[in-house]
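# Understanding the architecture of this molecule
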Amino acid sequence: MRKPIIAVDMDDTICHLVKRAIYHNNIEFPTHPLRYEDMMDWNTDHLRHPESTMDLFFGRPGLYEELELFDEYVVEEMEKLHNAYDVIIVTAAVPKTVLEKWNWLQKHMPYIPADNFFTCKRKHLIGYDLLIDDGPHNLLPAVQAGKKVLCIPHPWNLRAREQYSFPLMTSWEGAKERVDEILQAQGEPEL
Ligand SMILES: [Mg+2]
């Protein structure tokens, strides 16, 4: 019997991208400081200095290698999930960030083999059973396709969380047991 496939996002799911991008932004553009709490939308153009382009904000060389782990539990829980299930990393990336993301994974979660590292933006094309992600644009198509999800709450998914009651996971503590329960639960996902 095949193991259930657990697709796990990277940015702001197993590591903190936006907080680190804000850190650099606020050093370089102190007249336009950003706050994590204000990141209520993917598009933050109106909050950033005109020279703080999306490409600079999310594409600063080396950024993806220096991201902090999501919390103190994520490495251990991801390894438990990897041992029990077919865990694949599914992360949106542009070509220049792919190696940085792979290097980060190798540093923090070396048990994830390269075969399980998928870089793609159109995540709904992948045949996973459960998706752990922070992006409503990924979570909603998954639920609509009858798949299970766990949403990592952040300000930018607050509106979607209010509209669709995604199951939430605020900490990686106990994540393996949480996934066990969700996969064992019968019936359609509720929204
Ligand atoms: Mg993400």
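Residues numbered from 1 in each chain as written. Predicted model: local features only at pLDDT ≥ 70, side-chain atom pairs only at ≥ 80, totals over all residues. Heavy atoms only, no water.

Taken as a whole, the protein is organised into domain 1 (5–16 + 68–184) and domain 2 (18–65). Between the C-alpha centres of domain 1 and domain 2 there is a distance of 23 Å. At the junction of the two partners, domain 1 supplies 19 residues and domain 2 supplies 17 residues. Across the domain 1/domain 2 interface, buried area totals approximately 1,500 Å², and carbon plus sulfur atoms make up 56% of it. Among the residues of domain 1 in contact with domain 2, E100, P155 and W156 are the three that bury the most area, contributing 40% of the side total. Put simply, domain 1 and domain 2 have 2 salt bridges between them. The partner of D41 in a salt bridge is R159, and the shortest N-O contact between them spans 3.8 Å. Looking at the side of domain 1 that touches domain 2, the elements with two or more residues in it are α4 (95–108), α5 (136–144) and α6 (158–163). (Domains from an automatic or database assignment. Contact = heavy atoms within 4.5 Å. Buried area = accessible area lost by both parts, 1.4 Å probe. Salt bridge = Lys/Arg side-chain N within 4 Å of Asp/Glu carboxyl O. Helix = DSSP H or I, 4+ residues; strand = E, 2+ residues; numbered from the N terminus.)

Before going further, it helps to spend a moment on the coordination of the magnesium ion. Coordination of the magnesium ion by the protein involves D9 (OD), D11 (O) and D134 (OD), with metal-donor separations of 2.1 to 2.2 Å. Each donor residue of the magnesium ion belongs to the same chain, and together they define the spacing D-x1-D-x122-D. Of the two residues, D9 and D11, both sit in the buried class. (Donors = N, O, S within 2.8 Å, 3.2 Å for Na, K, Ca; no water. Buried < 20%, exposed > 50% of the residue type's maximum accessible area, 1.4 Å probe, protein only.)

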